[in-house]
Amino acid sequence: MTHLEVDISKLESFIDDQAWSAMQAEVDESHRQLVSRSGKGNDFLGWVDLPVQLEASLLARIQADAEKIRHMAELFVVIGIGGSYLGSKAVIEALGNEFEDLEGGSGHPYIVFAGENLSERYHAHLLELLDKKEYAVAVISKSGTTTEPAIAFRLIRKHIEEKYGKEEARKRIFAITDASRGALKKLADVEGYATYVIPDDVGGRYSVLTPVGLLPIAVAGFDILSLVDGAKKMRDVAMKSADFKLNPCALYAGARNILLRSGKFVEILVAFEPSLLYVIEWWKQLYGESEGKEHQGIFPAGVTFTSDLHSMGQYIQDGMRILFETVISVGEPSSLLVVPGDPENLDGLNFLSGMRLSDVNRQAELGTMLAHVDGGVPNIRLVLPAVSEHYIGHLIYFFEFACALSGYTLGVNPFDQPGVEDYKKNMFALLGKPGFEKETVNLRKRL
Ligand code: PA5
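Going along each chain's sequence as written, the residues are numbered from 1 onward. Totals for whole chains, interfaces and linings use all residues, but because this is a predicted model, local features are given only for residues with pLDDT of at least 70 and pairs of side-chain atoms are given and counted only at 80 or more. With hydrogens and water stripped out, all remaining heavy atoms of the structure feed into the side-chain values.

## Examining the overall build of the protein chain
And then number 1: A tally of regular secondary structure across the protein chain gives 17 helices and 10 strands.
And then number 2: Between the two quantities, the radius of gyration covers C-alpha atoms and the globule rule is 2.2 Å times the number of residues to the power 0.38. On C-alpha atoms alone, the protein chain measures out to a radius of gyration of 23 Å, which is about the 22 Å that the 2.2 N^0.38 rule sets for 447 residues.
And then number 3: In terms of overall dimensions, the protein chain has a C-alpha envelope of 65 × 60 × 50 Å along the principal axes.
And then number 4: Of all 447 residues assigned to the protein chain, the portion counted as buried reaches 51%. The way it works is that DSSP assigns letters per residue, a run of H or I at least four long becomes a helix, a run of E at least two long becomes a strand, and they are numbered from the N terminus. Buried residues are those whose accessible area, probed at 1.4 Å on protein chains only, stays under 20% of the maximum for their type, while exposed residues exceed 50% and partly exposed ones sit between those limits.

Take a look at the structure:
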């Protein structure tokens, strides 16, 4: 297998041939709109060609900066929220070793995130850590005006300038933002920070293959060329045809829309590798923000098994039948670990002696799939040959392309996020931002 495959064999009892062929026609049209750039939100399609259009000079600059950062810093603080941090966090966690840091590190800076929440506790703890460590910072915001990263950057900028002095601090700050607009761009120009541009036509949640994702991923020591190449390989497949037999993105998008129309309102993305937790979080943003509008869209949820079989397993097996599952099923890990034998056999598990842990995990995956299908939960399997830079790049592009097709098939603009503004307006009014005086009075009365 050279690329990700979508196994729909366990949808047989939920979707009939007629539904598939009717949906094929709809996805054909969505594919046509996407490829011809004639659909909704077509001014935000820059992500489609990123894997083939990223310039070698940009990739080389990112690698050179990553190397520079590696020499100056033990920690790399990535400030951003939503699409400005989830992609890099997903890739770094997927590819990293969970315990490397406790062992003394990988030889690359440890990546920490900030400004993805407003917690005083979190940021106070981070600043305490920064007192003790050498660090550099990436501040990432496409709009350059998002409150959470802007506040975190105020805190960290003050800290870094006090720690290193203004001149040295400037060399340790990298701003990733719009080419010309926004407060961050202005500040970066005034202060002379190194800057990277987020292209105008790439929205936050589709930006992992721009410097937004690539700089932190490179600093963490991963091969960004292979990541981009993996995305390119999936793009080659995705662009050619919308035929469900040839294009896994089209097949996944079609299946989701059929299931939604049959009352499956919640999709649970499942991984049997805990390192994929943030791939799930990234996917939740991608699909939730792209499709959840005009009172429509599948609610994206996520679990990691087998852990969550001991918490959410009961509901999935037996709760309201509004769910379907999409399982990221990965090939064998490279490390080999077998279940040891035990002469006492008190736990009765000697029948597993000598078996690889990954084989035990696989049987858990297959057993769970059959149990959930029998319980009325349709199952889609995304079969990924391995967790590597190449295949994670592949998976990213798969989900992005499928999301666009799925959103068009649903009939929404998958590239805007008007609903995100409402909480911001209320927050600003409650914080007493100038210009919000009337709303401030009205909202405070309601509390
Ligand atoms: O997908 C999106 O566009 C949003 O979720 C943004 O990523 C998020 O709001 C952060 O925005 P910005 O990068 O402008 O600070």
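There is more to say, and it comes next.
## Some thoughts on the packing of aromatic side chains
Any aromatic ring pair is given by two values, namely how distant the centres are and how the planes are angled relative to each other.
And then number 1: Each pair of aromatic rings taken from Phe, Tyr and Trp, with Trp reduced to its six-membered ring, is defined by centres within 6.5 Å and is described as stacked if the planes are under 30 degrees apart, edge-to-face if over 60, and tilted in the remaining cases. Enumeration according to the criterion identifies 21 aromatic pairs in this entry.
And then number 2: Centre to centre, the rings of Trp47 and Tyr206 are 5.0 Å apart; their planes meet at 25°, and the pair counts as stacked. Within this pair, whereas Trp47 is found in helix 2 (residues 46-53), its partner Tyr206 is found in the loop between strand 6 (194-197) and helix 9 (211-219), the two being separated by 159 residues in sequence.
And then number 3: Through successive ring pairs, a cluster of aromatic residues spans Trp47, Tyr206, Tyr397, Phe401, Tyr408 and Phe415.
And then number 4: The ring of Tyr278 has Lys89 lying over it, and the distance from NZ or CZ to the ring centre is 4.5 Å.
And then number 5: Definition used: whenever NZ (Lys) or CZ (Arg) falls within 6 Å of the ring centre and also within 35 degrees of the ring normal, the charge is taken to sit over that ring. The lysine or arginine in question, Arg172, covers the ring of Tyr164, its NZ or CZ lying 3.9 Å from the ring centre.

## Focus: helix 5 (residues 120-132)
And then number 1: Here helix 5 spans 19 Å end to end across 13 residues, near enough to the 18 Å set by a 1.5 Å rise per residue.
And then number 2: Residues of helix 5 that are buried include every one of His123, Leu126 and Leu130, and no others. Looking down the long axis of helix 5, one finds its buried residues gathered within 55° of arc, a one-sided arrangement. Turned more than 90 degrees away from the buried face of helix 5, the exposed residues are Glu120, Arg121, Asp131 and Lys132.
And then number 3: Considering only its buried residues, helix 5 is in contact with strand 2 (75-79), strand 3 (110-114), strand 4 (135-141) and helix 6 (147-164).
And then number 4: Capping of helix 5 at its N-terminal end is provided by Ser119; its side-chain oxygen lies 3.3 Å from the backbone amide nitrogen of Arg121. Between the first and last residue of a helix there are one fewer steps than residues, each counted as 1.5 Å, and that sum is the expected span. Summarising the geometry, the arc corresponds to the directions from the helix axis toward the C-beta atoms. The criterion used for residue contact is that any of the two residues' heavy atoms lie within 4.5 Å. Here a polar contact means two N or O atoms within 3.5 Å. Within protein one must be a hydrogen donor candidate and the other an acceptor candidate, and residues neighboring in sequence count only if both atoms are side-chain atoms.

## Thoughts on the site of the ligand
And then number 1: Neighbouring the ligand are 13 residues, the closest being Ser84, Ser141, Ser143, Thr146 and Gln285.
And then number 2: One of the side-chain N or O atoms of Ser143 is found 2.7 Å from an oxygen atom in the ligand.
And then number 3: The separation between an oxygen atom of the ligand and a polar main-chain atom of Gly204 is 3.4 Å.
And then number 4: Considered on its own, the ligand offers 380 Å² of accessible surface; in the complex 88% of this is hidden by protein.
And then number 5: Note on residue categories: nonpolar means Ala, Val, Leu, Ile, Met, Phe, Trp, Tyr, Cys or Pro, charged means Asp, Glu, Lys or Arg, and polar means any other residue, Gly included. Among the residues making up the shell around the ligand, the classes are represented as one nonpolar, nine polar and three charged. By convention in this text, a residue qualifies as near a molecule or strand provided that one of its non-hydrogen atoms is within 4 Å of it. Throughout, the Shrake-Rupley method with a 1.4 Å probe supplies accessible areas, and for residues the shown protein chains are the sole cover considered.

## With respect to the sheet that holds strand 9 (residues 323-330)
And then number 1: Pairs of strands are assigned from DSSP output, requiring at least two bridges between the strands. One open sheet accounts for five strands, arranged 1-10-9-7-8; its pairing is mixed. Each edge of the open sheet carries a strand with a single partner, namely strand 1 (5-7) and strand 8 (299-304). Taking each pair of neighbouring strands and ignoring which way they run, the sheet shows an average axis angle of 20°.
And then number 2: Pairing analysis gives three bridges linking strand 1 to strand 10 (residues 379-384), with the strands arranged antiparallel. Pairing of Glu5 across the sheet is with Val383, part of strand 10.
And then number 3: The sheet contacts of helix 15 (residues 389-410) involve strand 1, strand 7 (266-271), strand 9 and strand 10, and relative to strand 10 the element is tilted by about 145°. Simply put, an axis is a line fit to the C-alpha atoms, just over the touching stretch for a helix, and the angle between two N-to-C directions goes from 0 to 180 degrees.

## Examining the pattern of salt bridges
And then number 1: Here a salt bridge means any side-chain nitrogen of Lys or Arg lying within 4 Å of a carboxyl oxygen belonging to Asp or Glu. Applying the stated criterion to the full structure yields 30 salt bridges.
And then number 2: The closest approach of N and O atoms between Arg256 and Glu291, which form a salt bridge, is 2.8 Å. Of this pair, Arg256 sits in helix 11 (residues 248-261) while Glu291 sits in helix 12 (residues 277-291), and the two are 35 residues apart along the sequence.
And then number 3: Taking relative accessible area as the criterion, Glu291 reaches 2% and is therefore assigned buried.
And then number 4: The closest approach of N and O atoms between Lys293 and Asp416, which form a salt bridge, is 2.7 Å. One end of the pair, Lys293, is in the loop between helix 12 and strand 8; the other, Asp416, is in the loop between helix 15 and helix 16 (421-430), with 123 residues separating them in the sequence.
And then number 5: Exposure remark for Asp416: the relative accessible area of 27% places this residue in the partly exposed category.

## Topic: the domain arrangement of the protein chain
And then number 1: Segment limits for the domains were obtained from an automatic or database-derived domain assignment. Domains assigned within the protein chain are domain 1 (5-40 + 226-410) and domain 2 (47-225).
And then number 2: In this structure, domain 1 and domain 2 have C-alpha centres spaced 29 Å apart.
And then number 3: Accessible area, probed at 1.4 Å, shrinks when two parts are joined; the buried area is that loss added up over both. Both faces considered, domain 1 and domain 2 share a buried interface measuring about 2,700 Å² in area, 65% of it formed by carbon and sulfur atoms.
And then number 4: Where domain 1 meets domain 2, there are three salt bridges.
And then number 5: We note a salt bridge from Asp49 to Arg235, for which the minimum N-O separation is 2.6 Å.
And then number 6: Inspection of the region where domain 1 meets domain 2 yields 18 residue pairs in polar contact (both at pLDDT 80 or more).
And then number 7: Breaking the side of domain 1 that touches domain 2 down by element, the ones donating at least two residues are helix 10 (224-240), helix 12 and helix 15.
And then number 8: The residue inventory of the side of domain 1 that touches domain 2, partitioned by class, reads 17 nonpolar, five polar and nine charged.

## Thoughts on the nonpolar core
And then number 1: Definition used in this section: a nonpolar core is a set of buried Ala, Val, Leu, Ile, Met, Phe, Trp, Tyr and Cys residues joined via side-chain atoms within 4.5 Å. Core analysis: the biggest nonpolar cluster contains 99 residues, and Trp47, Phe398 and Phe399 have the highest contact counts within it.
And then number 2: Of the residues forming this core, the biggest block, 14 residues, is contributed by helix 15.
And then number 3: Looking at which domains feed residues into this core, each of domain 1 (5-40 + 226-410) and domain 2 (47-225) supplies at least three.
And then number 4: In contact with Trp47, other than residues within four places in its own chain, are Leu34, Asp201, Val202, Tyr206, Tyr397, Glu400, Phe401, Ala404 and Phe415.
And then number 5: Counting 21 residues, the second largest nonpolar core, distinct from the first, contains Ala152, Ala169, Leu184 and Tyr193.

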